[in-house]
Amino acid sequence: MRRGWKMALSGGLRCCRRVLSWVPVLVIVLVVLWSYYAYVFELCLVIYLIFYHAIFVFFTWTYWKSIFTLPQQPNQKFHLSCTDKERYENEERPEVQKQMLVDMAKKLPVYTRTGSGAVRFCDRCHLIKPDRCHHCSVCAVCVLKMDHHCPWVNNCIGFSNYKFFLQFLAYSVLYCLYIATTVFSYFIKYWRGELPSVRSKFHVLFLLFVACMFFVSLVILFGYHCWLVSRNKTTLEAFCTPVFTSGPEKNGFNLGFIKNIQQVFGDNKKFWLIPIGSSPGDGHSFPMRSMNESQNPLLANEEPWEDNEDDNRDYPEDSSSLAVETET
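Quick summary incoming for the structure in this document. Remember, it's a predicted structure, so these values are computed and weren't measured experimentally.

Whenever strands of a sheet pair, they do so through backbone hydrogen bonds, lying parallel or antiparallel. Across the sheet, which stays open at both edges, the three strands sit in the order β1-β8-β9 with antiparallel pairing between neighbours. The open sheet has two edge strands with one neighbour each: β1 (112-113) and β9 (247-248).

Attention shifts here to the side chain of Thr235. Take Thr235: it is sitting in helix α8 (residues 235-239). For Thr235, a relative accessible area of 0% corresponds to the buried category. A distance of 2.7 Å separates polar atoms of two side chains, one belonging to Thr235 and the other to Asp147.

Moving on: the packing of aromatic side chains. Scanning all chains against the criterion turns up 23 aromatic pairs. For the ring pair Phe265 and Trp272, a centre distance of 6.0 Å and an interplane angle of 45° mean the geometry is tilted. Owing to a relative accessible area of 14%, Phe265 belongs among the buried residues under this scheme. Members of the aromatic cluster, each reached through a chain of ring pairs, are Tyr36, Tyr37, Tyr39, Phe41, Tyr52, Phe56, Phe59, Tyr63, Phe168 and Tyr175.

A few words on the nonpolar core. Soluble globular proteins tend to bury their nonpolar side chains together. By size, the foremost hydrophobic cluster in this structure holds 42 residues, and its most contacted members are Tyr39, Tyr52, Tyr162, Ile179 and Val183. Only α2 (23-43), α3 (49-68), α6 (162-192), α7 (198-231) and α9 (257-265) provide two or more residues apiece to this core. Per-element accounting of this core gives the leading share, 14 residues, to α6. Ignoring anything within four residues of it in the chain, the contact list for Tyr52 reads Ser35, Tyr36, Tyr39, Val40, Tyr175, Tyr178 and Ile179. If you look at the next biggest cluster of nonpolar residues, it comprises 12 residues, including Met104, Val110, Val119 and Ile128.

A full pass over the atoms with the stated rule returns four cavities of 30 Å³ or more. Volume-wise, the second largest cavity comes out at about 50 Å³. Looking at the second largest cavity, the residues that line it are Arg132, Lys145, Asp147, Tyr162, Leu228, Val229, Asn232, Lys233, Thr234 and Val264. For the lining of the second largest cavity, a count of residues per class yields four nonpolar, two polar and four charged.

Side chains three or four residues apart in an α-helix point the same way, a direct result of the helix having 3.6 residues per turn. With 21 residues, α2 extends 29 Å between its outermost C-alpha atoms, agreeing within 8% with the 30 Å of an ideal straight helix rising 1.5 Å per residue. Within the span of α2, buried status applies to Pro24, Val25, Ile28, Val32, Ser35, Ala38, Tyr39, Val40, Glu42 and Leu43.

We now examine unusual backbone geometry. In this structure, Asn154 takes a positive phi of about 50° despite not being glycine. As for its placement among the helices and strands, Asn154 is situated in the loop between β6 (148-150) and β7 (155-157). One non-glycine residue, Asn232, adopts positive backbone phi at about 55°. Mapping Asn232 onto the fold places it in the loop between α7 and α8. For Asn232, a relative accessible area of 4% corresponds to the buried category.

Moving on: the layout of surface pockets. Rolled over the atoms, a probe with the dimensions of a water molecule shows which regions are left empty. Quantified by volume, the largest pocket comes out at close to 620 Å³. In terms of lining residues, the largest pocket is bounded by 20 residues, among which Ser21, Val138, Cys139, His149 and Asn154 are the most central. Those elements that provide at least two residues to the lining of the largest pocket are α1 (2-20), α3 and β7. It is α1 that provides the largest number of residues to the lining of the largest pocket, a total of three residues.

On to α6. In a regular helix each residue adds 1.5 Å, so 31 residues correspond to 45 Å; α6 covers 45 Å between its end C-alpha atoms and thus fits that length. Of all the bends in α6, the greatest, near 40°, is centred on Phe184.

Let us look at the pattern of salt bridges. Evaluated as defined, the whole model comprises four salt bridges. With a closest N to O distance of 2.8 Å, Arg132 and Glu237 form a salt bridge. In this pair, Arg132 sits in the loop between β3 (127-128) and β4 (134-136) while Glu237 sits in helix α8, placing the two residues 105 residues apart along the sequence. Assessed through its relative accessible area of 3%, Arg132 is described here as buried. For Glu237, a relative accessible area of 6% gives the class buried.

Packing of helix α4 (residues 82-90) against helix α5 (residues 94-105) brings their axes to within 9 Å, and their N-to-C directions diverge by 155°. As summarised for this structure, α4 and α5 are arranged roughly antiparallel, according to the angle between their axes. For the crossing formed where α4 meets α5, the hand is left-handed. When α4 is examined against α5, the residues Asp84, Arg87 and Tyr88 are found in contact with a partner set consisting of Gln97, Met100, Leu101 and Met104. Within the contact of α4 with α5, the residues separate by chemical class into four nonpolar, one polar and two charged.

Reading guide: rules and limits
- Residues numbered from 1 in each chain as written.
- Predicted model: local features only at pLDDT ≥ 70, side-chain atom pairs only at ≥ 80, totals over all residues.
- Heavy atoms only, no water.
- Pairing = 2+ DSSP bridges.
- Helix = DSSP H or I, 4+ residues; strand = E, 2+ residues; numbered from the N terminus.
- Buried < 20%, exposed > 50% of the residue type's maximum accessible area, 1.4 Å probe, protein only.
- Polar contact = N/O pair within 3.5 Å; in protein donor to acceptor, adjacent residues only side chain to side chain.
- Phe/Tyr/Trp six-rings, centres within 6.5 Å; stacked < 30°, edge-to-face > 60°.
- Core = buried A, V, L, I, M, F, W, Y, C linked by side-chain atoms within 4.5 Å.
- Contact = heavy atoms within 4.5 Å.
- 1 Å grid on protein atoms, 1.4 Å probe; cavity = no way out; pocket = protein on both sides within 12 Å on 5 of 7 lines; lining within 4 Å.
- Points joined across faces, edges and corners; volume = space filled by probe spheres on them.
- Nonpolar A, V, L, I, M, F, W, Y, C, P; charged D, E, K, R; others polar.
- Expected span 1.5 Å × (residues − 1).
- Bend = angle between axes of the 7 residues up to and from the residue.
- Salt bridge = Lys/Arg side-chain N within 4 Å of Asp/Glu carboxyl O.
- Axes fitted to C-alpha atoms, helices over the stretch in contact; angles between N-to-C directions.
- Parallel < 35°, antiparallel > 145°, perpendicular 65-115°, else oblique.
- Left-handed = near helix turned anticlockwise from the far one by under 90°.

Pasting the structure below:
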């Protein structure tokens, strides 16, 4: 009976956690809906409404895609077969388990390792992790090219939706900037006491305040992710240097500025501003710097980078949505 009570309590806590995880999303949605009402219906700035709605459509479209695009998981060939799984679990010697994973990894396109040089294996999902794949403790799955878990979209940001997340940040910055600049003249009128409506005074004051507040935080976050894209890094790789079979290499996936951008947005530039999937590849393997050095010897003229810490760690959730990730 006690066991049943504990299971019921655990299930209730999980349910509450799922519900509460949508609170940040609800906050953003309410703020956006209020800003739309205040800008369109209260201030009714007719001259600016065409451009405002164009930005608003792309802003909401990219936010929707960031929230509801499911994180992509490794395909079946990276999972242990029933036989291999049974052998691995029944083996009590760690060195033998390690060798078993090495033998299995030889059949797969995996080139990254843990800090100790072992094959990256998730004992929760029972799979050998593809390069740049990590286990998310919030989503409880392994996510291809995981960047971080973002509470503001209640979703894992990775290979399947990183482009949408970047576009969401860009259109969010543009949305806040547009509102702040177009409302500023009305704020001057408010300051001079030239606005007759009390409701208009309230909306002008808070529209400008909220727009500026979000603009500052979003432009910093967007700038940081632009830097990551320019170096072809994820947030996790910026904090924890990836280890390859040859050792730690901070710029292991850096292919050059243009190619790095194409790794996220694709080769066709007409899709760069539209939230349509265009990232190349399948998320299981990625071109590496070492494979391009023979074509461009200048890439080899870089200083060595510091060693990485062990790959097996838990990443706590951060309020600025930088990283939530659990390694096994």
